[in-house]
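Inside the fold
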Amino acid sequence: VLLAGKGDTKVVNVVHGYLFDKKTNPLRRTILLTAEVILRGVTDRVAVMNRCDLEIAEKHRLGKAVIMIPGVGVDFSRFAAGDRSGFRRELGLKESDLLLLFPGEFSGRKNQAFLIGALAAMPENVYLALPGQGLRLEDCRKLAGKLGVLGRIILPGQISDLSDWYAAADICVSSSRYEGLPFNVMEGMYAGKPMVVTRVKGHTDLVTDGVGGFLYGWNDREEFCDCIRNLAGDEELRRIMGEKNQVLVRQYGRQQVFSKVLEAMTTERT
């Protein structure tokens, strides 16, 4: 981002999420961090979206100034009230079935294969919807067939309007290795769904364990399944957590965020 105003043009690096953290392979971390360090001399400001990235940027002085912004804002107005009952019938789901939803690109970082493996350890009435495309899609389809759960996984491809999908879901989940400030989590919160997401950067900035859902260790199948079981048998808990999420996520709406981001970008700092 280039900001033109009085004096010289300012260069702002808006970080949607560094692709590394403290647990990343040391070689990969070094390579990715070195690229950021090389550019810090020409970067006036680094704008990050979560606490972990803030710590990284400040520790390594990746810009002349480091600021934190509440994302870039989500356009919640584009989400209409979905048709839960009608759409679930279209999907062939009964009222007693539990639908987990994780929209996203099929990649190693998103780690959909983990969810497919976990589904094999869950009751037959648990289903998993994975809207999206990507290089790992066919691998995930084959894995689901190998594990005998292909009939309980919905792979609709890329969906432009997820309103009905969020309405039909009972729990929104994520298996990501790391995030910036993920849209899919904020969208699920806005839809009033409880979240079961990995305990990684980006997620921990949005979801408080036990409040709007549950956090679990990355690739920890037992902990993930326990979280799902806790919510599966308690419809009232799902409702309470979902309502809390609807309140908490309002601060990330586009209108609420725009002025804060603009102020953070343009305010002179010493």
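1. Details of helix α4 (residues 112-119)
- Burial runs high along α4: 7 of the 8 residues are buried.
- Listed in full, the buried residues belonging to α4 are Q112, F114, L115, I116, G117, A118 and L119.
- Contact partners of the buried residues in α4: β6 (126-129), α5 (137-147), β7 (153-154), β8 (171-174), β10 (213-216) and α8 (221-232).

2. With respect to the pattern of salt bridges
- Summed over all chains, the structure comprises 17 salt bridges.
- D205 is the salt-bridge partner of R51, the closest N and O atoms lying 3.4 Å from each other. Taken together, the positions of R51 in helix α2 (residues 51-59) and D205 in the loop between β9 (195-198) and β10 put the pair 154 residues apart, joining distant regions of the chain.

3. Quick word on a nonpolar patch on the surface
- Nonpolar side chains collect at one region of the surface, where I38, L39 and V42 lie side by side and expose about 320 Å² of accessible area between them.
- Mapped onto the elements of the fold, V42 is located in the loop between α1 (26-39) and β3 (45-48).

4. Side note on the environment of S163
- Position of S163 among the secondary structure elements: in helix α6 (residues 163-168).
- Sequence separation of S163 and G188 is 25 residues, and the distance between their C-alpha atoms is 9.9 Å.
- Each residue touching S163, except ones within four places of it in the same chain, is listed here: R78, F79, A80 and G82.

5. Some remarks on the sheet that holds β7
- An order of β7-β6-β5-β8-β9-β10 is seen for the 6 strands of this open sheet, with the pairing classed as parallel. If you trace the sheet from one side to the other, it starts and ends with β7 and β10, each paired once.
- Sheet topology places β9 next to β10; 4 bridges connect them, and they run parallel. Its bridge partner lying in β10, V197 is registered against L215.
- Packing of helix α7 (residues 183-190) onto the sheet brings it into contact with β8 and β9, and relative to β9 it is tilted by some 165°.

Conventions used here
Residues numbered from 1 in each chain as written. Predicted model: local features only at pLDDT ≥ 70, side-chain atom pairs only at ≥ 80, totals over all residues. Heavy atoms only, no water. Buried < 20%, exposed > 50% of the residue type's maximum accessible area, 1.4 Å probe, protein only. Helix = DSSP H or I, 4+ residues; strand = E, 2+ residues; numbered from the N terminus. Contact = heavy atoms within 4.5 Å. Salt bridge = Lys/Arg side-chain N within 4 Å of Asp/Glu carboxyl O. Patch = residues over 30% accessible without salt bridge, like charges linked within 9 Å, V, L, I, M, F, W, Y side chains within 5 Å. Areas by Shrake-Rupley, 256 points an atom, 1.4 Å probe, with all protein chains shown as cover. Pairing = 2+ DSSP bridges. Axes fitted to C-alpha atoms, helices over the stretch in contact; angles between N-to-C directions.

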